[in-house]
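Structural features, examined
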Amino acid sequence: MEETMRFRPRTTRAEATTRDAVDTVPRFRQMLPLGIQHLLVAYSGMVTVPLLIGLGVGLSTAQIATLVTANVLVSGIATLLQTLGIGNVGVRLPIVMGSTFTGITPAIIVGKEAGLPAVFGATIVAGLLTWLVAPWFSKLIRFFPPIVTGTIIAIIGFSLLPSTATLIAGSNPSASDHGSAGRLILGLGTIAATVCLERFAPPAVRRFAILIALAAGTLVAIPLGMADFSSVGQADWVGLVKPFEFGLPTFALSALLPMIIVQLVNMVESTGDTLAIGQIAGRAVGPREISRALRADGIGTAFAGVFGSFTVVTFGENVGLVSITRVMSRFVVATAGAVLVLMSLVPKLGAAVASLPGPVLGGVGVVMFGTVGAVGLRIMSQADLSNGRNILIVAISFGFGLLPVGAPEFYQHLPVVVQTVLTSGIAAGGIAAFLLNLVLNRRERAPRTGPEAAPGY
C-alpha cells in the first residue's frame, strides 16, 4: 500500500500546530467524494437492518420506509458524534456508525410480543446504560493483548464475508436470476476493477477505487437489467423524521434484557473496531479513547430509540475502507455522516443509493470485509504465534466465531437470551478469545495501541 494520502489542508488558526492524517481537513472537492465512498460502502447495511425487522414484525411498506429513513438519520448523527466529538463523547477517529445485525432477531421477537414501542423503549435504556458503564467497560482493554484484539477483529471481518453472497446471488432463491452467471460475473468484475485500480491507477485515483468500482459496476448493470431505479421516481423530495412515530416508548423487562445483551455484544465489537482504527491510523488507543467511543455508541443508541431506529455500532466494512485507501481523515467520515443526515431529509437520495445493484455492493463487500479480517491477522501477528497457547486461543475462538455463520440454527433450542450471544459469531468468538486469554495467558496485559502511549483514562 502507498503512504497515507497527503491532502493540502485549508489555512486555519491552528496552522502552526502539527497535525496528523486523522486531523487533516481535505479540500471540499476531495472530501465530498471520499465521504460518499464511505456512505456507499455502509448504506446497504443501514437499509437492511430496518428492512428485515420491519418485514419480521409485519409492518406495511410505508412503515418500513419510515424505519429506513430514521435509521439513516440516526446513523448520520452518530457518525458525526463519533468523528467530531463533543466533550468526552466521541473518539474522534474515522469511524462510521450504523445499526447492527445482532439486534435483528431480538427486535423481531420483542416487536411481535410487545410491539415496537417496547423495542424502542428498551433501545433507549440500553443506550443510556452503555453511556453510563463506558468508563468501567473500557478498563477491560488491559485484557485485550494483540492475540485477543487481532482474533476479534479477524472474526468480525471473516464472519461478515458470507453476507456478501446474498447480495451477489440475490436474496430470493426462487427468482429466475438467483445465482445467475451474470450476477456472479458482475460481482467478480467489481472486485477485479478494484484490484486493477489498486495496481495500475495513480495514487490520487487509488483513493477513490471503491467509488469508481461502484460507479463502473452500476453503469454495466443498467443495460443488463440488473439495476432498478424506479423507486427513485416514486420517493418524495422532502421528508422529516419525527420522534416517537410509532407511539411513546414502553418499558417492559422482557424487552429490556435482550436489548441490553445486544448492547453488550455491540460494545465488544465497537472496542475491536476502535482498536483496529487506532492500529491503522497510528493513534494511541487506550481506556480513555474506548470510553469516548462507547459513550458515542450509547448516546447514538438512545437517540435511535427516540426516533424509531435500532442499536448502533461501529461499521467494520468502513474500517476496511480506511485500511485500503489509507485516507485517515476523520473529517472525510464526518462528511459521510452529514450526507446521511441530508439523505434522511431527501428520500429520493436514499432511494437512489438503495437501488445500487446487489452484485456490485456484494463485490465491494468481499473486498471490505476481507480487508477487516486481514487487519485482524496483522494485529494478531504481533503476538508470539509459535506459542501453542496462542494458537489454541485463535483456533477455539475462530471455531466459536464461525460456527453460527456456517450453521445458523445450531443454537436454536437454547433460551433466547443465550441465543442472542452465541448466534452472533462476533460475540461468541470475542468472548471465547477474552476468556481463553485469561485462562492461558493470565499474566499478559495489553499495551496501548499506537506509536506512543497516551495518558490513561
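Residues numbered from 1 in each chain as written. Predicted model: local features only at pLDDT ≥ 70, side-chain atom pairs only at ≥ 80, totals over all residues. Heavy atoms only, no water.

Per an unreviewed UniProt entry, the protein carries the name Purine permease and comes from Amycolatopsis rubida. Its UniProt record gives the protein the following Sequence similarities (unreviewed entry) comment, quoted word for word: "Belongs to the nucleobase:cation symporter-2 (NCS2) (TC 2.A.40) family." Under the UniProt heading Subcellular location (unreviewed entry), the entry covering the protein gives this text: "Cell membrane". (UniProt positions renumbered as here; feature names shortened; annotations may be inferred.)

1. Concerning the packing of helix H11 (residues 253–281) against helix H16 (residues 358–380)
Here H11 crosses H16 at 75°, and the two axes come no closer than 11 Å. Accordingly, the angle class assigned to the pair H11 and H16 is roughly perpendicular. Counting all contacts with H11, which are made through Ala276, Gln279 and Ile280, the residues of H16 involved are Val375, Arg378 and Ile379. (Axes fitted to C-alpha atoms, helices over the stretch in contact; angles between N-to-C directions. Helix = DSSP H or I, 4+ residues; strand = E, 2+ residues; numbered from the N terminus. Parallel < 35°, antiparallel > 145°, perpendicular 65-115°, else oblique. Contact = heavy atoms within 4.5 Å.)

2. Re the pattern of salt bridges
If you walk through the whole model with that rule in mind, you get four salt bridges. Note that Asp23 is salt-bridged to Arg330, the shortest N-O span being 2.8 Å. Linking Asp23 in the segment before helix H1 (28–57) with Arg330 in helix H14 (residues 330–345), this pair joins segments that are 307 residues apart in sequence. Judged by relative accessible area, which is 22%, Asp23 ranks as partly exposed. For Arg330, a relative accessible area of 12% gives the class buried. Among the ionic pairs, Arg183 bridges to Asp177, the shortest N-O distance being 3.2 Å. Accessibility expressed as a relative area gives 12% for Arg183, which makes it buried. Look at Asp177 and you get partly exposed, because its relative accessible area is 34%. One network of salt bridges, with partners in common, ties together Asp23, Arg283 and Arg330. (Salt bridge = Lys/Arg side-chain N within 4 Å of Asp/Glu carboxyl O. Buried < 20%, exposed > 50% of the residue type's maximum accessible area, 1.4 Å probe, protein only.)

3. Let's talk about the side chain of Thr151
Inspection of the secondary structure assignment puts Thr151 in helix H5 (residues 146–160). Judged by relative accessible area, Thr151 falls into the buried class, the value being 0%. Excluding residues that lie within four positions of it along the chain, Thr151 makes contacts with Pro146, Met380, Val394, Ser397, Phe398 and Ala433.

4. What about unusual backbone geometry?
At Arg92, a residue that is not glycine, the phi angle is positive and equals roughly 60°. Here Arg92 is to be found in the loop between helix H2 (61–84) and strand E1 (97–99). Non-glycine residue Arg326 carries a positive phi angle of around 60°. Note that Arg326 resides in the loop between helix H13 (316–325) and H14. Assessed through its relative accessible area of 15%, Arg326 is described here as buried.

5. Focus on a nonpolar patch on the surface
Taken together, the side chains of Leu129, Trp131, Leu132, Val133, Trp136 and Ile299 make up a nonpolar region of the molecular surface, amounting to roughly 570 Å² of accessible area. Per element, the largest residue contribution to the nonpolar patch is five residues, and it comes from helix H4 (residues 116–138). Among the secondary structure elements, Val133 is positioned in helix H4. (Patch = residues over 30% accessible without salt bridge, like charges linked within 9 Å, V, L, I, M, F, W, Y side chains within 5 Å. Areas by Shrake-Rupley, 256 points an atom, 1.4 Å probe, with all protein chains shown as cover.)

6. Description of the nonpolar core
Ranked by internal contacts, the top residues of the largest apolar core, which has 57 residues, are Leu39, Tyr43, Val119, Phe310 and Met368. For this core, the element with the highest residue contribution is H1, accounting for eleven residues. Beyond its immediate chain neighbours, meaning those up to four positions away, Val119 contacts Ala107, Val110, Gly111, Met259 and Phe310. (Core = buried A, V, L, I, M, F, W, Y, C linked by side-chain atoms within 4.5 Å.)

7. Notes on helix H19 (residues 425–440)
Residues separated by three or four positions in an α-helix point in the same direction, a consequence of the helix having 3.6 residues per turn. Across its 16 residues, H19 extends 22 Å between first and last C-alpha, which sits within 8% of the 22 Å expected from 1.5 Å per residue. Listing the buried residues of H19 in full gives Gly425, Ile426, Ala427, Ala428, Gly429, Gly430, Ala432, Ala433, Phe434, Leu436 and Asn437. On its buried side, H19 packs onto H5, H11, helix H17 (388–406) and helix H18 (416–422). (Expected span 1.5 Å × (residues − 1).)

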